[in-house]
Amino acid sequence: MKKCLLPTLTITGFILMSGCTDSISTANKLLQQIQQGQTEIVERNFDPAQITRGRAIFRENCAVCHGPNAEATPNWRKPLENGRYPPPPLDGTAHAWHHSTEELKRFILKGGPPGEGRMPGWEGKLTEQEIEDILVWIKSLWPDEVYDAWYKRIEHRQ
Ligand code: HEC
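About the criteria used
- Residues numbered from 1 in each chain as written.
- Predicted model: local features only at pLDDT ≥ 70, side-chain atom pairs only at ≥ 80, totals over all residues.
- Helix = DSSP H or I, 4+ residues; strand = E, 2+ residues; numbered from the N terminus.
- Buried ≥ 20, exposed ≤ 12 C-beta atoms within 10 Å, placed from the backbone.
- Contact = placed C-beta atoms within 7 Å.
- Near = placed C-beta within 6 Å.
- Nonpolar A, V, L, I, M, F, W, Y, C, P; charged D, E, K, R; others polar.
- Expected span 1.5 Å × (residues − 1).

Visitor: Explanation requested: the overall build of the protein in the structure shown.
Guide: When helices and strands are counted, the protein shows seven helices and zero strands. For the protein, the proportion of its 158 residues judged to be buried stands at 15%. Put simply, 52% of the contacts in the protein that link residues at least 6 apart link residues at least 24 apart.

Right under this line is the structure:
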């Protein structure tokens, strides 16, 4: 079934579009832009006051494990002697950006992985607003291309 799908779609598309040169040129233009990497990079319009708040809350509560700039340790991929992994960087160099805002928020509230208590849960200690502030500061640290990929592929995936 799968094998036939693409040619069928291509042929259908061709028939549908062959009568309409406008849609063909629009589609071609978009394809060209994608191929040439001309699609626009997503802007971050964060509130500077929220970034400052987030950084202060992070430094007070999280920096002890994740580092003052969320850089943690360069050896975060290497297990410790007890077989557990050290706290990862959150600054865009590790994989925090593979998760949506909702997933990150839930993880910070609950801690984890479940039962092992490696990352403490912050429910009852920090408000959701404070966690959102921290996450905005963390996202402000990510390089443009990391934020762009996160925004398009993770946060707003279809
Ligand atoms: C006692 C040390 C410790 C403190 C304090 C701590 N963390 Fe963590 N954090 C960890 C460890 C260890 C992990 C890795 C857990 C795992 O996945 O095995 C982690 C993982 C995370 C992750 C997931 C990263 C990823 O790549 O998926 C996020 C997000 C995070 N922490 C945010 C925070 C925030 C925000 C705070 C402060 C409110 C905080 N942490 C405080 C130890 C800590």
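Visitor: Would you mind showing me how to read the site of the ligand here?
Guide: Around the ligand, 23 residues are found, and the nearest of them are C62, C65, P87, A96 and M119. The set of elements that each furnish at least two residues to the shell around the ligand consists of α4 (63-66) and α5 (101-110). Counted by class, the shell around the ligand contains 18 nonpolar, four polar and one charged residues.

Visitor: Just to check I follow, could you spell out the environment of A49 for this structure?
Guide: With respect to the helices, strands and loops of the structure, A49 is situated in helix α3 (residues 48-61). Looking at A49, the number of C-beta atoms within 10 Å reads 9, which means it is exposed. A C-alpha to C-alpha distance of 9.3 Å links A49 and D133, two positions 84 residues apart in sequence.

Visitor: Is there a simple way to explain helix α6 (residues 128-141) in this structure?
Guide: Owing to its 3.6 residues per turn, the α-helix brings residues three or four apart onto one side. Here α6 is 14 residues long and its end C-alpha atoms lie 20 Å apart, about the 20 Å a rise of 1.5 Å per residue gives. Considered for burial, the residues of α6 that qualify are I131, D133, I134, W137, I138 and K139. Of the surrounding elements, those touching the buried residues of α6 are α3, α5 and α7 (144-155).

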